[in-house]
Amino acid sequence: MSQIDAIVIGSGPNGLSAAIVLAQAGCKVVVFEAEKTIGGGARSAELTLPGFVHDVCSAVHPFAVASPFWRTLPLAARGLEWIEPPAMIGHPFDDSSAILIERSLDATVAALGRDGQAYLNIIGTVVEDWPRLERAVLGPVTLPRHPFALARFGLSALRSAERLAKSAFKEERTRAMFAGIAAHALMPLDHALTAGVGLTLGAMCHVPGWPIPRGGSQRITDALVAHLQSLGGEVVADARVKSIDKLPPAKAILCDLSPKPLLAVAGHTFPKAYRQKLERYRYGMGAFKVDWALAAPIPWRADECRRAGTVHLGGSLKEIADSEKAAWEGRVSDRPYVLLSQPTLFDPSRAPVGKHVVWGYCHVPGGSTVNMLDRIERQIERFAPGFRDRVLARSVMTPADIESHNANLVGGDIASGVPDLRQFFTRPTRSTYSTPVKGLYICSAATPPGVGVHGMCGYFAAQRAIKDLFRESMGDGRKSQVDSREDGV
Ligand SMILES: Cc1cc2nc3c(=O)[nH]c(=O)nc-3n(C[C@H](O)[C@H](O)[C@H](O)COP(=O)(O)OP(=O)(O)OC[C@H]3O[C@@H](n4cnc5c(N)ncnc54)[C@H](O)[C@@H]3O)c2cc1C
């Protein structure tokens, strides 16, 4: 290989984004990926039957469209096409009815009846403020440019989802719907900050939407790789880095790794105090994931759920809260809260004619070995009797399988670390992207702003590296296109 300026370990969305920022700055960049396929948490594969394209990890992508960095990239020209389902979220109930979160805020408010005004007050405010909030929510802690909007958001966001839902909404159904959104937090719903997840993801329904990429999440990766290659960058698959000592010489190494795999490749180079901080990093709940190949769409009793890209199965707020608490406390729920995506209703390219793929998972204790397949399918049958009759094939991933697909997801923790108050703003340590070793950085979802396919962790880590190592030699003209005044790097 010719002289390399920067190496990225791991080709997840953050690793590829970091590589693009560095390549944009004129660096010669090489990405080494352990697995045979590129993309980490944004990959697709025929997990069940030939012709059925499933998303191995991420499926629904509000933050990919909201990403301030990816907005600047020509990803559409590299083949990435977003599909917006007619409705963003469906939340069915036992009486055969459902709440639908529409793309339109007004339509959603109108359908919520007595709780419409409260929805407008809490979610609508975040929608309105989003242009002033996005850099704070999708970035590291820094001096805010819009302190009033941030303070207004923060006052609600710091609360627990349970308290916010109970105080804001009158109807049990609306409370349940909000709980379903907030339960993406991977924390019990009585914990601080879970309201923030509900508010942010709720607002995303009306800002970028909750879209899916045509062809599956692999298309996000393919577009990022094509763009990186156009800038002269390289990606080498099936190239697990065992130790950073074995890498070719480079000025910068950026690790798209969470603390455990980071310690495995670079732990010996860190001072003891830093190593101990990484060892104390807390991973959280795991996921138990199922992908189905179906002979026909899911037969929802609430037929309107066919309009939704994502469906949340958990009935009431109490049931969802109990399920999340159980997983957090090391138990499994008999009626787990299930997150489900039904992409082929809107993208027929992913299955043979008339057939469908469905993606779903529930939260379980980190590393759990309990088989949740029957419990998950019983939850689907509860709202869609006859579902099992339509199943042609299944693929099941336990937390251990998820970790074996991607070393970052320790114990099947899809968030690469507990996103609670102690670990949300200062992931994985106070130094976030930097390490005590000159030229060695962390760029994974274990840094701010954390979990999700958006590339912002990679963007900020690469900005940090450029500022530390390359800016003088390259001059300001080679900075990335995103305004970095607020980058906190
Ligand atoms: C089941 C599941 C469902 C999800 N659903 C969604 C969703 O719908 N929407 C959403 O936005 N997000 C979702 N996520 C989360 C999202 O996938 C992650 O937050 C995101 O992929 C993190 O990106 P990353 O670049 O930080 O790391 P990753 O995507 O984890 O990539 C890290 C890469 O590093 C590689 N690697 C690890 N060790 C080494 C090594 N030693 N040498 C070389 N390479 C190495 C790994 O193989 C991997 O490719 C989901 C995740 C999972 C697992």
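Engineer: How should the overall build of the protein chain be read in this particular structure?
Structural biologist: The helix and strand inventory of the protein chain stands at 16 helices and 16 strands. Its C-alpha atoms give the protein chain a radius of gyration of 22 Å, within 12% of the compact-globule value 23 Å for 489 residues. The principal-axis extents of the C-alpha atoms in the protein chain amount to approximately 65 × 50 × 45 Å. Considering the protein chain as a whole, with its 489 residues, one finds that 62% of them fall into the buried category. Restricting to contacts in the protein chain with at least 6 residues of sequence separation, those with at least 24 account for 75%. Accessible area of the protein chain: about 18,200 Å², with a carbon and sulfur share of 52%. The centroid of the 55 positive side-chain charges in the protein chain is displaced by 4 Å from the centroid of its 48 negative side-chain charges.

Engineer: What is the right way to read the nonpolar core from this model?
Structural biologist: Across soluble globular proteins, nonpolar side chains show a tendency to be buried alongside one another. Core analysis: the largest hydrophobic core is formed by 99 residues, its most contacted members being Leu22, Trp70, Tyr119, Trp210 and Leu254. Excluding its chain neighbours within four sequence positions, the residues that come into contact with Trp210 are Val60, Pro62, Pro85, Met88, Ile89, Ile181, His184, Leu201, Met204, Cys205, Thr310 and His312. Membership of the second largest hydrophobic core comes to 27 residues, among which are Trp300, Ala302, Leu313 and Cys362.

Engineer: Got a minute to help me understand the sheet that holds strand S14 (residues 356–364) in this structure?
Structural biologist: The seven strands lie next to each other as S7-S6-S12-S13-S14-S11-S15, forming an open sheet whose pairing is mixed. A single partner strand is all that each edge strand has here, and the edge strands are strand S7 (98–102) and strand S15 (391–397). Strand-to-strand, the axes of this sheet are offset by a mean angle of 20°, without reference to chain direction. Looking at chain direction, strand S11 (residues 286–294) and S14 are connected through nine bridges and run antiparallel. The residue bridging Lys289 from the neighbouring strand is Tyr361, located in S14. Strand contacts of helix H7 (residues 172–182): strand S6 (87–92), S7 and strand S12 (308–313), with the helix running at about 55° to S7, the strand carrying the most contacts.

Engineer: Even after reading the chapter, I still don't get the sheet that holds strand S10 (residues 252–255), so can you show me in this structure?
Structural biologist: As a general point, the strands of a sheet are linked pairwise by backbone hydrogen bonds and lie either parallel or antiparallel. Spatially, five strands are ordered S9-S2-S1-S10-S16 in an open sheet, and the strand pairing comes out parallel. Both outer strands of the open sheet, strand S9 (234–236) and strand S16 (440–442), are each paired with one neighbouring strand and no more. Strand-to-strand twist of the sheet, defined as the mean angle between neighbouring strand axes without regard to direction, takes the value 20°.

Engineer: Would you explain a nonpolar patch on the surface in this entry?
Structural biologist: On the surface, Val141, Leu158, Leu421 and Phe425 cluster together into a nonpolar patch covering about 360 Å² of accessible area. Among the structural elements, Phe425 can be located in the loop between helix H15 (421–424) and S16. With relative accessibility at 35%, the residue Phe425 sits in the partly exposed group.

Engineer: Looking at this structure, I do not really get the packing of H7 against helix H8 (residues 194–204). What am I missing?
Structural biologist: To characterise two packed helices, one gives the angle between the axes of the helices and the distance between these axes. In contact at an axis separation of 8 Å, H7 and H8 are set at 95° when each is read in the N-to-C sense. One element, H7, and the other, H8, form an angle in the roughly perpendicular class. Only Thr194, Ala195, Val197, Gly198, Leu199, Leu201 and Gly202 of H8 make contact with H7, whose side of the interface consists of Phe178, Ile181 and Ala182. Among the residues making up the contact of H7 with H8, the classes are represented as seven nonpolar, three polar and no charged.

Engineer: What am I meant to see in the environment of Ser96 here?
Structural biologist: By secondary structure assignment, the location of Ser96 is in the loop between S6 and S7. Through-space distance from the C-alpha of Ser96 to that of Arg331 is 29 Å; in sequence the pair is 235 residues apart. When residues no more than four places from it in sequence are discounted, the contact partners of Ser96 are Arg301 and Ala302.

Engineer: How should the packing of helix H5 (residues 147–157) against H8 be read in this particular structure?
Structural biologist: Between H5 and H8, whose axes approach to 7 Å, the crossing angle comes to 125°. By the angle between their axes, H5 is oblique relative to H8. Between H5, through Phe153, Ser156 and Ala157, and H8, the contact on the second element is made entirely by Thr194, Ala195, Gly196, Leu199 and Thr200. In terms of residue class, the contact of H5 with H8 is made up of four nonpolar, four polar and no charged.

Engineer: Even after reading the chapter, I still don't get the side chain of His363, so can you show me in this structure?
Structural biologist: Relative to the helices and strands, His363 resides in strand S14. Residue His363 is classed as buried on the basis of its relative accessible area, which comes to 4%. A polar contact of 2.5 Å, which involves the side chain of His363, links it to the side chain of Glu324. Setting aside its immediate chain neighbours within four residues, His363 contacts Ala183, Leu186, Met285, Gly286, Glu324, Ala327, Tyr337 and Leu339.

Engineer: Please clarify how the side chain of Lys289 should be interpreted in this entry.
Structural biologist: Tracing the sequence through the fold places Lys289 in strand S11. Among the residues examined, Lys289 registers a relative accessible area of 4% and is labelled buried. Reaching out from Lys289, the side chain makes a polar contact with the backbone oxygen of Asp55 at a distance of 2.8 Å. With near-sequence residues (within four places) excluded, Lys289 lies in contact with Leu47, Asp55, Val56, Cys57, Trp359, Gly360, Tyr361, Ser395, Val396, Met397 and Ile402.

Engineer: It is not clear to me how the packing of aromatic side chains should be interpreted in this structure. Could you clarify?
Structural biologist: What describes a pair of aromatic rings is the distance from one ring centre to the other and the angle between the planes of the rings. Enumeration over the complete set of coordinates arrives at nine aromatic pairs. Seen in terms of ring centroids, Phe169 and Phe178 are 6.1 Å apart; in terms of plane orientation they differ by 55°. Their pairing is tilted. What makes Phe178 buried here is its relative accessible area of 1%. Ring plane angle 85° and centroid distance 5.0 Å describe the contact between Phe424 and Phe425, whose orientation is recorded as edge-to-face. An aromatic cluster of three or more residues is present, and its members are Phe69, Tyr433, Tyr459 and Phe460.

Basis of the calculations
Residues numbered from 1 in each chain as written. Predicted model: local features only at pLDDT ≥ 70, side-chain atom pairs only at ≥ 80, totals over all residues. Heavy atoms only, no water. Helix = DSSP H or I, 4+ residues; strand = E, 2+ residues; numbered from the N terminus. Rg over C-alpha atoms; globule rule 2.2 N^0.38 Å. Buried < 20%, exposed > 50% of the residue type's maximum accessible area, 1.4 Å probe, protein only. Contact = heavy atoms within 4.5 Å. Areas by Shrake-Rupley, 256 points an atom, 1.4 Å probe, with all protein chains shown as cover. Lys, Arg positive; Asp, Glu negative; His and termini not counted. Charge placed at Lys NZ, Arg CZ, Asp CG, Glu CD. Core = buried A, V, L, I, M, F, W, Y, C linked by side-chain atoms within 4.5 Å. Pairing = 2+ DSSP bridges. Axes fitted to C-alpha atoms, helices over the stretch in contact; angles between N-to-C directions. Patch = residues over 30% accessible without salt bridge, like charges linked within 9 Å, V, L, I, M, F, W, Y side chains within 5 Å. Salt bridge = Lys/Arg side-chain N within 4 Å of Asp/Glu carboxyl O. Parallel < 35°, antiparallel > 145°, perpendicular 65-115°, else oblique. Nonpolar A, V, L, I, M, F, W, Y, C, P; charged D, E, K, R; others polar. Polar contact = N/O pair within 3.5 Å; in protein donor to acceptor, adjacent residues only side chain to side chain. Phe/Tyr/Trp six-rings, centres within 6.5 Å; stacked < 30°, edge-to-face > 60°.

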